[in-house]
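# Structural features, examined
Each chain is listed here by its residues.
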Amino acid sequence: MQKVISKKIDKIWGYEIWLHSTVQGQETKLENGEKTFRGPLVKIIQANMPLSVQVHPDDEFAMELEKQPNGKSESWFILESKPSSKIVTGLKNYDPEFIRAKLEDGTFENNLLKAKAEPGDFFDIPAGLVHGIGADIKLLEVQQPSDVTYRYFDYNRLENGKPRELHVEKALKVQKDLDYKLEPVSKEPLTFKNIVGTQRYFKKPMKLEEDSIIVDIEKEEAYVANAGEEVSFNWYCVISMD
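This report concerns the structure included in the present document. (Residues numbered from 1 in each chain as written. Predicted model: local features only at pLDDT ≥ 70, side-chain atom pairs only at ≥ 80, totals over all residues. Heavy atoms only, no water.)

## Some remarks on the overall build of the protein chain
Counting secondary structure elements, the protein chain contains 3 helices and 22 strands. Dimensions of the protein chain, computed from C-alpha atoms along their principal axes, come out at roughly 55 × 40 × 35 Å. Expressed as a percentage of its 242 residues, the buried residues of the protein chain come to 51%. Of all intrachain contacts in the protein chain linking residues separated by at least 6 positions in sequence, the fraction that spans at least 24 positions is 71%. For the protein chain, the computed accessible surface area is about 11,900 Å², with 46% contributed by carbon and sulfur atoms. Of the side-chain charges in the protein chain, 33 are positive and 41 negative, and the distance between the mean point of each set is 2 Å. (Helix = DSSP H or I, 4+ residues; strand = E, 2+ residues; numbered from the N terminus. Buried < 20%, exposed > 50% of the residue type's maximum accessible area, 1.4 Å probe, protein only. Contact = heavy atoms within 4.5 Å. Areas by Shrake-Rupley, 256 points an atom, 1.4 Å probe, with all protein chains shown as cover. Lys, Arg positive; Asp, Glu negative; His and termini not counted. Charge placed at Lys NZ, Arg CZ, Asp CG, Glu CD.)

Below, the structure is given as structure tokens:
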């Protein structure tokens with residue numbers, strides 16, 4: 001296995017750690033200096049305050065609006081939370097004029113659908129779903145290699161004395177009215193699969209069947225490993241490369 005050199009990025013709401021990235025121009029590197037070139041973008045997100053209410057484009061809109069090869073579907077595995085912690089999982093009303101009016105009169109939060117977030121929960125966040133991570137949540141995020149985000153609402157916060165940029169018109173264009181439901185997960189081992197790939201969580205040694213990204217959850221570190229190698233961290237996630 002080769003360790004990935006992670007990048008911690010402080011944010012207005014907390015911080016994120018890029019454990020493994022193949023985003024063009026923002027690739028992580030292995031200890032030997034080589035760039036990571038296969039697999040998803042993998043992050044640890046620590047939300048001390050809520051993230052913005054946002055949406056990501058799908059592959060088609062990413063090409064149309066940003067000239068990028070792929071959009072951003074993602075998934076969240078909740079590592080830590082408080083009893084009051086929630087995430088945004090869509091809107092009650094997707095009508096563009098209704099949304100603009102709610103943003104204008106300051107009642108946009110009343111249009112949010114929310115779900116309780118507890119440790120061990122998986123959330124599949126497909127491109128087009130309006131979403132947001134609430135306060136007091138730490139999670140593992142696995143996503144398509146893209147850093148495109150369109151913000152609808154940022155709780156009227158200031159950064160360096162100014163409101164953060166919003167992207168309302170692009171968000172309106174790429175949002176999808178999805179009938180969101182929590183995805184069932186398989187256990188023994190705990191397994192989750194979506195468009196980004198497969199994640200499996202272990203607390204005992206195992207031999208890899210394919211090339212994988214390994215996340216040592218306790219140490220918040222990532223490794224690139226080859227098929228046939230044995231992994232033996234206390235608690236870790238095996239993420240498919242393709």
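## So, the nonpolar core
Counting 23 residues, the largest nonpolar core has Leu19, Val42, Leu140, Tyr201, Val215, Cys237 and Ile239 as the members making the most contacts within it. For this core, the elements supplying multiple residues, two or more each, are strand 3 (14-20), strand 5 (41-47), strand 7 (74-81), strand 12 (137-143), strand 19 (212-216), strand 20 (221-225) and strand 22 (236-240). Here this core takes 3 residues from strand 3, the largest share from any one element. Counting residues in hydrophobic clusters, the runner-up holds 18 residues, among them Phe61, Ile99, Tyr150 and Tyr152. (Core = buried A, V, L, I, M, F, W, Y, C linked by side-chain atoms within 4.5 Å.)

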